[in-house]
Amino acid sequence: MPSVTLEQLRQYYDNSVDISAAIVHDIDPTMEYVRRLTPSSVYVFQVRKRKNIFVLKVAIEGIGDTKWKIQHLAKEKKTLTLAHDIPGITHLVKAYRDNGPYRNAILKEFFEGNTLRTVYSRYYGDRARFNGSRLRPQLERTVRELHARGVANLDLTPNNIAISGKEEDICLIDAGYGEFKRGMTAEQFNRYRQDDLDDVERVLRQ
Ligand SMILES: Nc1ncnc2c1ncn2[C@@H]1O[C@H](COP(=O)(O)OP(=O)(O)O)[C@@H](O)[C@H]1O
Ligand SMILES: [Mg+2]
């Protein structure tokens, strides 16, 4: 049973109380809250579990646009399950069973680095910075492998892509927007694939 009340969750949503640590503990008592990762549409926390750092994402029922959030995380869970052996994406570590207001909570690998958004703001939006670097083909490979597994429309924005401190590795850190090939026409899926490849170009060069 969750320890926090609906009233506390409402106040949390309004930023009048901070119960992040209690929420993390409710979801998994072996987990310790480190900090809140923002910006985000769902709740995203950096957590520690058995001395390792992970990312916990959770949709909380009853606050905000619940339906959308629950679906967003269900999609991310599905995509990460399909992507379990693809390099260049933060893998799923654990999916939690729904528990009271906590829906579709997932634990993912933490990628040590900075989002492209942060990097670009540091270098005055200079997207030409990575021209000719290995990062673009690396990201493109991950994207193509996801396409091959039947997921496209990946929301490849600077916020959802991170690079390591030495700028040697690139990683897709948010997989909650993908659309699945199943139940869509081949034309639609091809359009999504092409949009993703265009985004790869756009996000890493001028
Ligand atoms: N696996 C991760 N490793 C490092 N930072 C992360 C990771 N996942 C999320 N973050 C940070 O948290 C922010 C929000 O997470 P994200 O998954 O993009 O949420 P949303 O689904 O709301 O877009 C990211 O922009 C990033 O700064
Ligand atoms: Mg995101």
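Residue indices follow the written sequence of each chain, beginning from 1 at its first position. Key to labels: chains lettered from A, ligands numbered from 1, both in the order written. Since the coordinates come from a predicted model, pLDDT governs what is reported: local features require at least 70, and pairs of side-chain atoms require 80 or more to be given and counted, while whole-chain, interface and lining totals use all residues. The side-chain values count all of the structure's non-hydrogen atoms but skip hydrogen atoms and water molecules.

**A short note on the coordination of the magnesium ion (ligand 2)**
The textbook angles at a metal center are 109.5 degrees for a tetrahedron of four donors and 90 or 180 degrees for an octahedron of six. The following threshold applies: Counted as donors are N, O and S atoms no farther than 2.8 Å from the metal, or 3.2 Å for Na, K and Ca; water is not among the atoms, and sites may therefore look incomplete. Helix and strand labels come from DSSP, where a helix needs a run of H or I of at least four residues and a strand needs a run of E of at least two; each type is numbered from the N terminus. The rule is simple: take the accessible area with a 1.4 Å probe, protein chains only, and divide by the maximum for that residue type; under 20% is buried, over 50% is exposed, in between is partly exposed.
The protein atoms donating to the magnesium ion (ligand 2) are Asn160 (OD1) and Asp174 (OD), with metal-donor distances spanning 2.0 to 2.3 Å. Taken together, the residues Asn160 in the loop between β7 (151–152) and β8 (161–163) and Asp174 in the loop between β9 (170–172) and β10 (179–180) connect sequence positions 14 residues apart. With respect to class, Asn160 is no different from Asp174; both count as buried.

**Focus on the side chain of Asn104**
As a reminder of what qualifies: For the purposes of these results, a polar contact is taken to be a pair of N or O atoms within 3.5 Å, where, inside protein, one atom must be able to donate a hydrogen and its partner to accept one; residues adjacent in sequence count only when each atom of the pair is a side-chain atom.
Examined against the element boundaries, Asn104 turns out to sit in strand β5 (residues 102–109). A distance of 3.2 Å separates polar atoms of two side chains, one belonging to Asn104 and the other to Lys77.

**Points about the nonpolar core**
This is how the line gets drawn: By nonpolar core we mean a set of buried residues, namely Ala, Val, Leu, Ile, Met, Phe, Trp, Tyr and Cys, connected to one another through side-chain atoms within 4.5 Å. Two residues form a contact once any of their heavy atoms are found within 4.5 Å.
In terms of nonpolar packing, the biggest core is built from 29 residues, with Ile89, Leu116, Phe130, Leu139, Ile161 and Leu204 touching the most fellow members. Sorting the residues of this core by element identifies α3 (66–82), α4 (116–122), α5 (135–148), β8, β9 and α6 (186–204) as the ones contributing at least two each. Every residue in contact with Ile161, bar those within four places of it in the chain, is listed here: Asn114, Thr115, Leu116, Leu139, Leu156, Ile170, Cys171, Leu172, Ile173 and Val203.

**Here we look at helix α2 (residues 20–27)**
Along an α-helix, residues three or four positions apart point the same way, because every turn accommodates 3.6 residues. Note the threshold: In this description, one arc is meant: the one made by directions from the helix axis to the C-beta atoms.
Among all positions in α2, only Ser20, Ile23, Val24, Asp26 and Ile27 are buried. Here the buried residues of α2 occupy an arc of 160° about the axis, which is enough to place them on one side. Where α2 is buried, its residues touch α1 (6–13), β1 (31–36), β2 (43–49), β3 (52–60) and β5.

**Things to note about the side chain of Glu140**
Structurally, Glu140 can be placed in helix α5. The exposure class of Glu140 is buried, given its relative accessible area of 19%. Discounting chain neighbours no more than four positions away, the residues touching Glu140 are Leu197 and Val200.

**Overview of the domain arrangement of the protein chain**
The condition is simple: Per the annotation, domain bounds derive from an automatic or database assignment of domains. Two parts lose some accessible area (1.4 Å probe) when they are put together, and adding that loss for both gives the buried area. Should a side-chain nitrogen of Lys or Arg be within 4 Å of a carboxyl oxygen of Asp or Glu, the pair is scored as a salt bridge. Amino acids outside the nonpolar list (Ala, Val, Leu, Ile, Met, Phe, Trp, Tyr, Cys, Pro) and the charged list (Asp, Glu, Lys, Arg) are all regarded as polar, and Gly is one of them.
By domain assignment, the protein chain separates into domain 1 (6–109) and domain 2 (114–204). Taken together, both faces of the contact between domain 1 and domain 2 bury some 1,600 Å²; the carbon and sulfur share is 59%. Counting every contact that joins domain 1 to domain 2 gives three salt bridges. The partner of Lys75 in a salt bridge is Glu179, and the shortest N-O contact between them spans 2.9 Å. The leading source of residues in the side of domain 1 that touches domain 2 is α3, at eight residues. Considering only residue class, the side of domain 1 that touches domain 2 consists of eight nonpolar, five polar and six charged.

**Examining the site of ligand 1**
The test is simple: The criterion for a residue being near a molecule or strand is simple. One of its heavy atoms has to lie within 4 Å of it. Accessible areas in this description were obtained via Shrake-Rupley with a 1.4 Å probe; residue shielding takes into account the shown protein chains only.
Near ligand 1 you find 20 residues, and of these Ser40, Ser41, Lys57, His72 and Asp174 are the closest. In this structure, Glu109 approaches ligand 1 through a main-chain N or O atom, which is 2.9 Å from a nitrogen atom. Take Asn159: an N or O atom from its main chain is 3.1 Å from an oxygen atom of ligand 1. Relative to its unbound accessible surface of 550 Å², ligand 1 loses 91% to contact with the protein. Broken down by secondary-structure element, the contributors of at least two residues to the shell around ligand 1 are β3 and β5. Both domains that meet at the shell around ligand 1, namely domain 1 (6–109) and domain 2 (114–204), each give it at least three residues.

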